[in-house]
Amino acid sequence: MDIVYISDLKVDTVIGIYDWERRIRQTVSLDLEMAADIRRAAASDHIDDALNYKAIGKRIIQYIGDSDFQLVETLAERVAELVRDEFGVSWLKLRLSKPGALRGSRDVGVIIERGERS
Ligand SMILES: Nc1nc2c(c(=O)[nH]1)N=C([C@H](O)[C@@H](O)CO)CN2
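Keep in mind it's a predicted model, so treat the numbers as computed, not measured.

What follows deals with the overall build of the protein chain. Looking only at helices and strands, the protein chain has four helices and four strands in total. Listed N to C, the secondary structure of the protein chain is β-α-β-α-α-α-β-β in terms of helices and strands. Within the protein chain, the proportion of its 118 residues that are buried is 18%. Across the protein chain, every contact between residues at least 6 apart in sequence was considered, and the portion connecting residues at least 24 apart equals 59%.

Structure representation (structure tokens):
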């Protein structure tokens, strides 16, 4: 199994459980690893044969930017569903972090893995 990845994708969104958090936008950061077989794209050298990380990244930016969940868990799960459903990704690992959310820590968040590694 090969991996196509996106690292440290930063998006501003409404996220959080407190009243003050519902009134502002905060930055979340996303690391995403997606199962892929890159051999066809490598052989043809054509984007149509590749898992297009730019198309996926733009869709994630749009989705997160428009969302307003309370928990990072919910946001992570929905992004994972979107990537798997819309881009046919069989397995992924997603790390969603919220920088500065806990004093003394660089960031907090969740890491989820969905689907079967083939
Ligand atoms: N497991 C979680 N714990 C907490 C979350 C969360 O989304 N998942 N969120 C908060 C607050 O919104 C916090 O980020 C504000 O600084 C607290 N704990």
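Text resumes after the structure shown.
On to unusual backbone geometry. A positive phi is found at D8, a non-glycine position, where the angle reads about 55°. Within the secondary structure, D8 is located in strand β1 (residues 2–13). Overall, D8 belongs to the exposed group, with 9 C-beta atoms counted inside 10 Å. A positive phi angle, near 60°, is found at D45, a position not held by glycine. Counting through the fold element by element, D45 comes out in the loop between α2 (39–44) and α3 (53–66). On the basis of neighbour count, D45 is assigned to the exposed category, with 8 C-beta atoms found within 10 Å.

The N-to-C vectors of α3 and helix α4 (residues 72–87) enclose an angle of 140°; their axes lie 11 Å apart at closest approach. Relative to α4, α3 is oriented oblique. Seen along the crossing, α3 lies across α4 with a hand that is right-handed. Mapping the contact onto sequence places I56, R59, I60, Y63 and I64 in α3 and L75, V79, L82, V83, E86 and F87 in α4.

Bringing the site of the ligand into the picture now. Taken together, G16, I17, Y18, E21, L71, V72, E73, K98 and A101 make up the full set of residues adjacent to the ligand. Looking at the shell around the ligand residue by residue, the class counts come to five nonpolar, one polar and three charged.

Ranked by size, the top nonpolar core spans 19 residues in total, and within it M34, V79, V83, L92 and L94 carry the most contacts. Going through the elements one at a time, β2 (26–36), α3, α4 and β3 (91–99) are the ones with two or more residues in this core.

Turning our eyes to something else, we now look at the confidence of the model for the protein chain. In the predicted model, the protein chain carries a mean pLDDT of 97, and the fraction of residues at 70 or more is 100%. Both confidence scores are given for the complex: pTM 0.97, ipTM 0.97.

Moving on to the UniProt feature "domain: Dihydroneopterin aldolase/epimerase" (unreviewed entry) in the protein chain. Here the UniProt-annotated "domain: Dihydroneopterin aldolase/epimerase" (unreviewed entry) positions come out as residues 4–114. The span residues 4–114 carries 36% helix and 34% strand; its end-to-end C-alpha distance comes to 15 Å.

The four strands are arranged β1-β2-β3-β4 in an open sheet whose pairing can be described as antiparallel. A single partner strand is all that each edge strand has here, and the edge strands are β1 and β4 (107–115). Neighbouring strand axes in the sheet, compared pairwise and without regard to direction, differ in orientation by 15° on average. Here six bridges tie β2 to β3, and the two strands are oriented antiparallel to one another. Bridged to S29 within β3 is S97. Its contacts with the sheet put α3 on β1 and β2, and the angle it makes with β1 is roughly 30°.

Parameters at a glance
Residues numbered from 1 in each chain as written. Predicted model: local features only at pLDDT ≥ 70, side-chain atom pairs only at ≥ 80, totals over all residues. Helix = DSSP H or I, 4+ residues; strand = E, 2+ residues; numbered from the N terminus. Buried ≥ 20, exposed ≤ 12 C-beta atoms within 10 Å, placed from the backbone. Contact = placed C-beta atoms within 7 Å. Axes fitted to C-alpha atoms, helices over the stretch in contact; angles between N-to-C directions. Parallel < 35°, antiparallel > 145°, perpendicular 65-115°, else oblique. Left-handed = near helix turned anticlockwise from the far one by under 90°. Near = placed C-beta within 6 Å. Nonpolar A, V, L, I, M, F, W, Y, C, P; charged D, E, K, R; others polar. Core = buried A, V, L, I, M, F, W, Y, C linked by C-beta atoms within 7 Å. pLDDT = per-residue confidence, 0-100. UniProt positions renumbered as here; feature names shortened; annotations may be inferred. Pairing = 2+ DSSP bridges.

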